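Descriptive analysis of the structure
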Amino acid sequence: MSSNSLSLTSRLSEARWIAGFLFVLSCFLWVDQERLSVFVVPAPLPVHTFLETVTIVIFASVFIVCWNAFGEVRKKSSVILAVAFLCTAILGFFHTLTFQGMPGFETAGDMHKSMSFWLISRSIIATTLLGLAFDPEDSEISQMQSYGVLSAGLLATLGWGILVFAFPNLIPLTFIQGAGQTSFKVACETSLIAAHILAAVLFYRHALRFQIDKSAEHLHIDRVPLFLATVLMAMSEVYFSIYAETSDVNVVIGHTFLLFSAIAIYRSMVAVNIHTPYASLAASTNNLAKSAEELKLERQRLSRMIDTAIDGIITVDDKQEIILVNPAAALIFGYEVNELVGTSLNRLIPARHRETHKSHVQQFGEAGITRRKMGTHFEDFYVTGCRASGEEFPIEASIAHQLENGKRYYTVIFRDITDRKVAKEKMAKYHEQLSQLSATLQSIREEERKHIARELHDDLGQLLAALRMDLSLLQRDLSFLDRNKPTINSMDQLILTAITTLRRIATDLRPRALDEGGLFFALQTLQRDFSHRHRINCELIADEDQLTLDDARSTAIFRIIQESLTNVARHSEASDVQIEFQRSHAELKLNINDNGKGIVEEDMGKTSSFGLVGMRERIKAMNGEFQVLSTPGEGTTLEIRLPLTD
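Residues numbered from 1 in each chain as written. Predicted model: local features only at pLDDT ≥ 70, side-chain atom pairs only at ≥ 80, totals over all residues. Heavy atoms only, no water.

Scanning all chains against the criterion turns up 13 aromatic pairs. Relative to Phe393, the ring of Phe333 has its centre 5.5 Å away and its plane inclined at 65 degrees; by these criteria the two rings are edge-to-face. Separated by 60 residues along the polypeptide, Phe333 in helix H10 (residues 327-333) and Phe393 in strand S9 (residues 392-404) bring together distant segments of the chain. Seen from their ring centres, Phe520 and Phe521 are 5.5 Å apart, and the 75 degrees between their planes marks the pair as edge-to-face. Connected via pairs of aromatic rings, a cluster forms that spans Phe23, Trp30, Tyr239 and Phe257. Over the ring of Trp118 we find Arg122; its NZ or CZ atom is 4.3 Å from the centre of that ring. (Phe/Tyr/Trp six-rings, centres within 6.5 Å; stacked < 30°, edge-to-face > 60°. Helix = DSSP H or I, 4+ residues; strand = E, 2+ residues; numbered from the N terminus. Lys NZ or Arg CZ within 6 Å of the ring centre and 35° of its normal.)

Below you can see the structure in the form of C-alpha cells.
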C-alpha cells in the first residue's frame, strides 16, 4: 500500500472517531434537555451574528475556489458547487440580517423570515452535497454555460429573497413567539437531517473507494472532510430542531457544529485546491533545485572528463569559431587552450582545405544525421591538420552536431595518427614486397620444376629407355636368358616401373601437355589422372577457346586446379568434383565445386592452410579475386575471377 493510501486510511479513521465522539456527546445533550435548559445565552444576537458571518465567509471562499478551479472550460460539478455555495452564503446573510433582535427585525414575523431563509439555504446546501455524494457522471461546460448557471442561481436567490421579504405568508409558519418552532420547521429539519445522513454514508463509501480508484475524482475534493462535514451538519440540524427561544444554548451548539462543518467543507474544497497547486509548485521547485544541482555535478564531471581525455575535443559554432577546446587538442596542435578559444577553426586547417572543409561541415549539418566519421578514405577516414609550426599531419576524427536555441554547434573528437599512418604505409610496402617476393618465388619455383621435369624426361628418361633396350638385346641371347631369365625379367619390370614413376614425377613437376598442347589438354590429362588415381568422378566444363591464355596465366590456373584437387582428395571425402570455366571479354571465371564435407570457417584462417594461401597469392599476383564458399556437410565451392587485361 502506498503512503498516500496509508494517509487517507489514517484520516478516515480519525474522522470516524471525531464523528463518533461528537455523536455520543450530542446524544447525552439531546436526552438531558432539562439540565441543558438551565444554560441561557446572555447575548444571543452577537454570538449568532458572529458564527453566521464566519460560516458565510467560508462558503464564499468555497465559491471562489470552485468557480476558478478549471479556468474558462469548467467541470459541471464545479460550477454547480460554486453557485450553490454562493447562493447559500447570500441566503445565510439574509438569515443573519433578519434574525430576531437585528435592527428593524424585532417581531416573531421577522423571525419567521429568518427561519425561511435558513431553511432555503440549508436545503440548497443539503441538495448540492447529496448530489455530489451520488457522484454523477461529470462533463465540461463552456464559459457561457457557466455564467448561465451562475445567473440562474442568482436570479433564483433574488426570487427567494423577494418571496420571503414581500410574501412571507406564502411559506408555512416556522416560528411562534413563546411556543418556538412549528411542526413544519421541525419536519423540514428532519428532512435535512435525513439528507445529510445519506450524504455522509455515500461520502464514506467514496472515501473507501478512492483509496484504490482515483479515476472517479472530478474535482480536487477530499471526501474524508466531506463525510465529517455532513455528519456534523446532520447533528447541527438536530439542535436547530429542538430549541424554543433564540437565547437557547441549543442554538449556539447547533451553530458551533455548523461552523465546524463549514470548516470541514473548506478543508475538503478550498484548502485542498489551494494547497495542491502550491504543494505541486513546492515539489517542482524542490525537483528543479535537485535537477540544477545534478546538472551542475554533471557539468563538472563532463568538464573533468573533457580536460583529462587523451583525445582532442573541439566544439565550434556555425561560423566555425572555436568555443571549447580541451588541453589534449591544444597540445596536439601546439597551442595553449586560451590561444584557441574564440578563434577560427581555419587556424588548424591547411589553407588548401579550408573552403572544402567548411562546405563539408555545412552539408553534414543539413543532412539530418547527427554523427559520422570525418574524411573520405574508406580505410583511414582521416583529415589533415596544421600545427602551430605549419607542419601538416593526419588526424582520425569523428564529428557530431546538435541544435541549441536555434544555433548549430559541431563537436569534433580526434587523435593524431601520424605514427599509425607511417606504420601502415611501411606495412603496406612490406606486404607489397612480400607479394612480389612470393610471385618471384612462384616463378622461380615453376622454372625450376620445368627444368627438373625436362632433365628427368629428356636425360634420365632416355637413359632408362636405353637401358631397357640393352636389356632386350640380352634377352635375345637364349643361352644367357636360360640361365638368368628370372633376373632379367625382374630387371625389365624394375626398369619399366622406374620409367613410369619418372614420367609421373615429371608430369607432376611440369606436365608436357601444358607446354605442348596448352592449358585445356593439360587439364584434361589432370582430370583423367585424378579420377583414375583417387576414384573420384571429376568433370571438366570448358572448351579449348576459353583456355587459350599466356604461359603465366595457364601455369597459375593449372597449379590452382591441381592444388584444389589435391585438397579434395586429402580432406573433402567427396565423390564428385566439377571444374567449370566461363570466359568473357574482360575476365575468366573459374568455379571448382565438390560435394564433400565442407570446410569449417575456423580452418580457413589457419596458418597451416598453405594450399589456400598459395592459391590466394597466385590469384593476387594476377589481380584476381578469390572466394571460398563452404557449408559443413554440403561441400565447398571455390570462386575465382581473373582479369584478362593487364
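Bringing the side chain of His95 into the picture now. One can find His95 in helix H4 (residues 76-97). Here His95 falls in the buried class, since its relative accessible area comes to 3%. Here the side chain of His95 touches Ser114 through a polar contact of 2.7 Å, side chain to side chain. The residues touching His95, leaving out its near neighbours within four places in the chain, are His48, Glu52, Ser114, Met115, Phe117, Trp118 and His255. (Buried < 20%, exposed > 50% of the residue type's maximum accessible area, 1.4 Å probe, protein only. Polar contact = N/O pair within 3.5 Å; in protein donor to acceptor, adjacent residues only side chain to side chain. Contact = heavy atoms within 4.5 Å.)

Considering all chains together, one arrives at 9 salt bridges under this definition. Salt-bridge contacts for Lys185 lead to Glu189; the nearest nitrogen and oxygen are separated by 2.5 Å. Of this pair, Lys185 and Glu189 both sit in helix H7 (residues 183-209), 4 residues apart, roughly one helical turn. Accessibility expressed as a relative area gives 0% for Lys185, which makes it buried. A cluster of three or more residues bridged by salt bridges with shared partners is formed by Arg387, Glu391 and Asp416. (Salt bridge = Lys/Arg side-chain N within 4 Å of Asp/Glu carboxyl O.)

Take the sheet that holds strand S11 (residues 537-541) next. Pairing is mixed in the open sheet, where 5 strands are placed in the order S11-S12-S13-S15-S14. Only two strands of the sheet have a single partner each, and these edge strands are S11 and strand S14 (625-630). Strand-to-strand twist of the sheet, defined as the mean angle between neighbouring strand axes without regard to direction, takes the value 10 degrees. Pairing of strand S13 (residues 587-594) with strand S15 (residues 636-643) involves 8 bridges; the strand directions are antiparallel. The partner of Glu587 across the bridge, within S15, is Pro643. The sheet strands contacting helix H16 (residues 519-534) are S11 and strand S12 (576-583), and the helix crosses S11 at an angle near 165 degrees. Set on the sheet, helix H17 (residues 551-572) makes contact with S11, S12, S13 and S15; between it and S13 the angle comes to about 15 degrees. (Pairing = 2+ DSSP bridges. Axes fitted to C-alpha atoms, helices over the stretch in contact; angles between N-to-C directions.)

Let us look at the pairing of S14. Bridge count between S14 and S15: 6 bridges; the pairing is antiparallel. Residue pairing for S15: Leu629 is matched across the bridge by Thr637. Between S14 and S15, which follow one another and run antiparallel, lie 5 residues, and Gly633 among them has a positive phi close to 90 degrees.

Distances and angles like these do not, on their own, reveal function.
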